[in-house]
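Now for the letters of each chain:
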Amino acid sequence: MATSVRRTTLTLPAAPVGPDNPLPALRPLDEVHRVDDRTRATLPTDMARQVAYAPLRSVLPVRLRDGYGRDRASAALDAIVLENGRLRATVLPGLGGRVHSLVHKPTGRELLYRNPVLQPADFALNGAWFSGGIEWNIGATGHTTLSCSPLHAARVPAPDAAEGGAMVRLWEWERLRDLPFQVDLWLPADSAFLYVGVRIRNPHHLPAPVYWWSNIAVPEDEHTRVLAPADAAWHFGYARTLGKVPVPEWDGADRTYPLRGDYPADYFYEVPDGARRWIASLDADGGGLVQTSTDLLRGRKLFVWGAGPGGRRWQQWLTEPGTGGYAEIQAGLARTQLEHIPLEAGEEFAWLEAYGPLTADPAAVHGADWAAARRETETRLEAALPRAAVDAAYAAWRPYADAEPAERLATGSGWGALEIERGGFQLPGTPFGPDTLGEEQEPWRRLLRTGALPDWEPGPSRADPGASVVAPAWRDLLEAAPSTAAAEYHLGVAQWHAGDRAQAERSWERSLRCAETPWTLRCLAVADTASGHAARAAERLLRAVRLLLTSAAAPEPEAFPAPETAGTGRGAAQRESAGQGAAVSVAAPPVATDPLALETAEAALGREAILALLAADRADDARAVLDALRPTIRARGRFRLLRAQVLLAQGDALAARAVFDEGFEVCDLREGDEALSDTWYAIVERLAAGTEDPLTEEARARTHADHPLPAHYEFRMRPA
């Protein structure tokens, strides 16, 4: 059967991803995969260097995506199907290019863990992520910011084009590292393996840090075993430690069986130089999925949820009742996911992966002899897909990596087109056409063409300051642009991203002198918090919430007078004059007539204000802010948790306990976040102590034992 490529729709119960958070992601990245200097000093020199190389300070310029819920309804998702006589691959271009399904047609076996629902959860670097399938993680340590974003997709000629072969190309501009990448999915006629050619390019004049891990969700049960060509692994536990351990036995259990441990953990396999790169997940009968690649993709990893209550709860959270569990097998550019690798200016990384079915002797696979189990698996892999065949497929693919798309299948964002217009980059095979530009890019396109960023306009609903860009070239353009509330605000965001906090604060202060807006007040509050001024941060956020709530309730304002200096003067000189009382814009933030946008802004600012007021010991003011929010916001699980925290801070532990007893779900609970358990135990300790002195350690332990965390709030990923 010749390979076919077709568009279709996939219908799943899905919770909408929801709107982006309008507040720029200024705060340090809350990523669990970090180690301290003491641990880093124990690592091999090259690993320690790459662990320390260019870690993210935030996810700027990407916006946080935390507007999803847990109410699922049937939804039709755009899908692309590649199919031959032996495999059928289903790809979701609108959701990060996720390979949702890979079916071995002769047996009807699904080779991947295929989630029957689309349920976002807070696992991606910027929030929304969902489990299942094969995902392409690029940017920085963690799940990509593109997890729930559309990619460009097109049909392109394949190396077997003469026989009618076609590939599906996925591509996008990754904004954390400012790099274009592509993923070419190729299924040769009668092949039992899906080939995936990947290329990351650096079109800039300086080296760029690169991260890549292909993440494959595979079904798990008590008989599932994961095999890789290694006798040792780097173990990362969620207590944030990284250390070398033996494979397969460690700490009294065979860790190649995902359920033979209590807690979530990563095992980064130490694959010897020169060894073939592969990883397989095989069941009790010796069947399952194998992934292999050319040598550049050196790393292999197993992630397990573990058999403990926290891991089981997370698995239930990510899908629907009755669905089996999963583990993740992964392949990356470095030995561990804590590392980033430099890509030199004008250069590229490229490699080829292969995914397909594998059957091996179950007695050998599950035998006590680890070397024999590996040898049996690798022998069967070599018979099914020789290492030389993978290298040959890579060589055949490389000339086609530049092939221009023949038919567009899906459209991604306009950020790549904006960068092409600014930088004039030549990127054969991955066109970022001007027809993909949209409203988010329009202000920046005008800055590029006119030297001035459009200022915010007056409007009844002040719900969104607009997306920022932060790369050095854009920062330079903002520094030379006329000083307006919007320009100074976005310049401050870019300066903050660059680590120049003092200049960022000066820019935001100038923005405030142009027009007092909730967005700039909030930025200055983040700066206050970072410098240890909790009281001032709380006051600014309180003012920001009041401004937002007042503007939401206010009628359409009168037209604002045009500033006398609008459009005159540029750069630092104008900024200095703005700081000395010159006539400036008093325009309000941009028009946003969408009620959902206003609710999103209210929730984002309200949450931050409540937390800041609690940190400043202003529980009564935190309660006032919470009570002022609209009922639909107060009813959310996140704000029910805040309600309990506010009540506890006000001294009403009994009422705080009642909130937990009534029940709630925090839809955007972050991976590794222990706010639920911390708040619960703070409440029960306060109730146990009454008006007496704080509990002794013995009394605390007894209280915890007598009042265990209810199972539906148990999301802890490490020992309590």
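S.K.: Just to check I follow, could you spell out the overall build of the protein for this structure?
M.R.: Across its full length, the protein carries 21 helices and 27 strands. Over its C-alpha trace the protein gives a radius of gyration of 27 Å, about what one expects of a compact globule, namely 27 Å for 720 residues. Its C-alpha atoms put the protein at 75 × 70 × 50 Å along the principal axes. Looking at the protein as a whole, 59% of its 720 residues qualify as buried. When contacts within the protein are restricted to residue pairs at least 6 apart in sequence, long-range pairs at least 24 apart make up 74% of them. Put simply, the protein shows about 27500 Å² of open surface, and 51% of that area lies on carbon and sulfur atoms. One way to put it: in the protein the 76 positive side-chain charges average out to a point 1 Å from where the 96 negative ones average out.

S.K.: Please explain the state of the cysteines as it appears in this structure.
M.R.: Covalently bonding the sulfur atom of one cysteine to the sulfur atom of another cysteine gives a disulfide. Across all of its chains, the model carries 0 disulfides by this definition. Cys 148 supplies the cysteine sulfur nearest to Cys 667, a cysteine that is in no disulfide, at a spacing of 14 Å.

S.K.: Help me understand the pattern of salt bridges in this model?
M.R.: Oppositely charged side chains can pair when the atoms bearing their charge come close. Scanning all chains against the criterion turns up 52 salt bridges. A salt bridge links Glu 421 to Arg 445; its shortest N-O distance comes to 2.9 Å. Taken together, the positions of Glu 421 in helix 7 (residues 415-423) and Arg 445 in helix 8 (residues 442-450) put the pair 24 residues apart, joining distant regions of the chain. Glu 421 gets classed as partly exposed once you look at its relative accessible area, which sits at 28%. Glu 714 is the salt-bridge partner of Arg 716, the closest N and O atoms lying 2.6 Å from each other. Note on accessibility: Arg 716 and Glu 714 belong to one class, buried. What you see here is one network of salt bridges that share partners, running through Arg 6, Glu 83, Arg 88 and Lys 105.

S.K.: What's the story with helix 6 (residues 387-397) in this structure? I'm lost.
M.R.: Residues spaced three or four apart along an α-helix face the same direction, because each turn holds 3.6 residues. Among all positions in helix 6, only Val 390, Ala 393 and Trp 397 are buried. The arc that holds every buried residue of helix 6, seen down its axis, measures 60°, which confines them to one face.

S.K.: Honestly, helix 15 (residues 595-615) in this entry has me stumped. Any pointers?
M.R.: For helix 15, spanning 21 residues, the distance from its first C-alpha to its last is 30 Å, which sits close to the expected 30 Å at 1.5 Å a residue. Counting buried positions over the 21 residues of helix 15 gives 15, a clear majority of the element. After helix 15 finishes, the residue Asp 617 shows a positive phi value of roughly 60°.

S.K.: What should I look at first to understand the environment of Arg 63 in this one?
M.R.: Along the chain, Arg 63 falls in the loop between helix 2 (45-52) and strand 2 (73-83). By relative accessible area, Arg 63 is classed as buried at 14%. Taking C-alpha positions, Arg 63 is 6.4 Å from Ala 25, a pair spaced 38 residues apart along the chain. Sequence-distant contacts of Arg 63, that is, excluding residues within four places in its chain, are made with Asp 20, Asn 21, Pro 22, Asn 126, Glu 440, Asp 464, Pro 465, Gly 466 and Ala 467. A polar side-chain atom of Arg 63 sits 3.1 Å from the main-chain carbonyl oxygen of Pro 22.

The rules behind the values
Residues numbered from 1 in each chain as written. Predicted model: local features only at pLDDT ≥ 70, side-chain atom pairs only at ≥ 80, totals over all residues. Heavy atoms only, no water. Helix = DSSP H or I, 4+ residues; strand = E, 2+ residues; numbered from the N terminus. Rg over C-alpha atoms; globule rule 2.2 N^0.38 Å. Buried < 20%, exposed > 50% of the residue type's maximum accessible area, 1.4 Å probe, protein only. Contact = heavy atoms within 4.5 Å. Areas by Shrake-Rupley, 256 points an atom, 1.4 Å probe, with all protein chains shown as cover. Lys, Arg positive; Asp, Glu negative; His and termini not counted. Charge placed at Lys NZ, Arg CZ, Asp CG, Glu CD. Disulfide = S-S within 2.5 Å. Salt bridge = Lys/Arg side-chain N within 4 Å of Asp/Glu carboxyl O. Arc of directions from axis to C-beta. Expected span 1.5 Å × (residues − 1). Polar contact = N/O pair within 3.5 Å; in protein donor to acceptor, adjacent residues only side chain to side chain.

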